[in-house]
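Working through the structure, step by step
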Amino acid sequence: MREATSPLLHDCSGVRHRFFSRTDNALDVAASFSIAPECLLGLEQIHSARAIAVRGKGETERADGMATDCPGLALSISTADCVPVLLADGKAGVVGALHAGWRGALAGICEATAAVMESLGARASEMRAALGPSISQQCYEVDAPLLDAFAQAGESERAQRFFSRTSETHGLLDLPGYVAARLESIGIAHVENIEHCTYRDEVRYYSYRRAMHRGEAHRGRQLSAIMLEGK
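Throughout what follows, the structure given in this document is the object of discussion.

Thresholds applied
Residues numbered from 1 in each chain as written. Predicted model: local features only at pLDDT ≥ 70, side-chain atom pairs only at ≥ 80, totals over all residues. Heavy atoms only, no water. Helix = DSSP H or I, 4+ residues; strand = E, 2+ residues; numbered from the N terminus. Rg over C-alpha atoms; globule rule 2.2 N^0.38 Å. Buried < 20%, exposed > 50% of the residue type's maximum accessible area, 1.4 Å probe, protein only. Contact = heavy atoms within 4.5 Å. Areas by Shrake-Rupley, 256 points an atom, 1.4 Å probe, with all protein chains shown as cover. Lys, Arg positive; Asp, Glu negative; His and termini not counted. Charge placed at Lys NZ, Arg CZ, Asp CG, Glu CD. Pairing = 2+ DSSP bridges. Axes fitted to C-alpha atoms, helices over the stretch in contact; angles between N-to-C directions. Phe/Tyr/Trp six-rings, centres within 6.5 Å; stacked < 30°, edge-to-face > 60°. Lys NZ or Arg CZ within 6 Å of the ring centre and 35° of its normal.

Structural notes on the overall build of the chain
Counting its secondary structure elements, the chain contains 8 helices and 16 strands. In summary, the chain has a C-alpha radius of gyration of 17 Å against a globular reference of 17 Å for 231 residues, a match within 12%. When the 231 residues of the chain are sorted by exposure, 54% land in the buried category. Contacts spanning at least 24 positions in sequence make up 66% of the contacts within the chain whose residues lie at least 6 apart. Surface accessibility of the chain: about 10300 Å² in total, with carbon and sulfur atoms responsible for 44%. Charged side chains in the chain number 24 positive and 29 negative. The centres of these two groups are separated by 2 Å.

Here it is as structure tokens:
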């Protein structure tokens, strides 16, 4: 099981994280963190702006972001082209994780997750955010009318920075760039994209869009996870 890390988070004291490749096996991920499987927490992701605080083991909730200040609990996000974001405020002892597709990013999942972290004592100015493997702009062609959704949400000007039109009806969307801009807009100064493209790197990553283009029946996911080390 291959994995990648962010230098930005690697230097964050008391925090462990990994971006895994081609696995959604919770047992393997939990083992890599040396924790019991029930301490690896996930979400029923719904492309929303809902984020929650977790303080212990419990039932899976419908949301796309979560945060905790409890050591030994690993927060995991499942993706296959959308952007997994892992966040940490090492000084406050708070970590977060979120799933950002274009709908969730537009709706405000970045801001919602940061707000939950702040409710646990974190500060945006002290947070570090790492964007994991996701689809790159060169591989993410979308319908031009998608910009209408951004315009209706008051995001037309910012979205234009991350949309390159290829024809009258289509263009390329820089989803990681847009997500990073949303994070920076709330005062998170330290934002890093590890720049691994899920679509291009078929050896390491599943890609929903690549599978659709090829008519493949199996459309896997990979996990990303972060936790505070036990005290």
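On we go from here.
Some thoughts on helix α4 (residues 109-119)
Residues of α4 that are buried include every one of I109, C110, A112, T113, A114, V116 and M117, and no others. The inward-facing, buried residues of α4 contact β5 (51-53), β7 (65-68), β9 (83-89), β10 (94-100), α3 (102-107) and α7 (175-185). Taken from the residues just after α4, G121 is the one with a positive phi, measuring 110 degrees.

Details of the sheet that holds strand β12 (residues 141-143)
Taking strand neighbours across the sheet as the criterion, the 3 strands line up as β12-β14-β13 in an open arrangement whose pairing is antiparallel. The open sheet has two free edges, formed respectively by β12 and β13 (163-165), since each of these has just one partner strand. Going from strand to strand, the sheet's axes swing by 40 degrees on average, the running direction of each strand aside. In the sheet, β12 pairs with strand β14 (residues 170-173) via 3 bridges, with the strands oriented antiparallel. In the strand pairing of β14, E141 is matched with L172.

Describing the sheet that holds strand β11 (residues 128-131)
Within the open sheet, the 6 strands sit side by side as β5-β7-β10-β9-β11-β15. Their pairing is mixed. Across the chains shown, the open sheet's two edge strands, defined by having one partner strand only, are β5 and β15 (190-193). This sheet shows a mean twist of 15 degrees between the axes of neighbouring strands, independent of strand direction. The pairing of β9 with β10 spans 7 bridges and is classified as antiparallel. Following the sheet pairing, L86 is matched in β10 by A97.

What about the packing of aromatic side chains?
Across all of its chains, the model carries 4 aromatic pairs by this definition. Pairing F150 with Y178 gives two aromatic rings, centres 5.2 Å apart and planes at 85 degrees, and the pair type is edge-to-face. You can see F150 sitting in helix α5 (residues 146-152) and its partner Y178 sitting in helix α7, a full 28 residues away along the chain. Each member of the pair, F150 together with Y178, is buried. Members of the aromatic cluster, connected to one another through ring pairs, are W102, F150, F162 and Y178. Above the face of the F33 ring, R18 is positioned so that its terminal group lies 5.0 Å from the ring centre. The side chain of R22 reaches across the aromatic face of Y206, ending 4.4 Å from its centre.

Observations regarding the environment of I52
In this structure, I52 sits in strand β5. Accessibility expressed as a relative area gives 9% for I52, which makes it buried. For the pair I52 and D64, spaced 12 residues apart in sequence, the C-alpha to C-alpha distance is 8.4 Å. Contact partners of I52, with chain neighbours within four places excluded, come to L43, E61, A63, G65, M66, A67 and V116.

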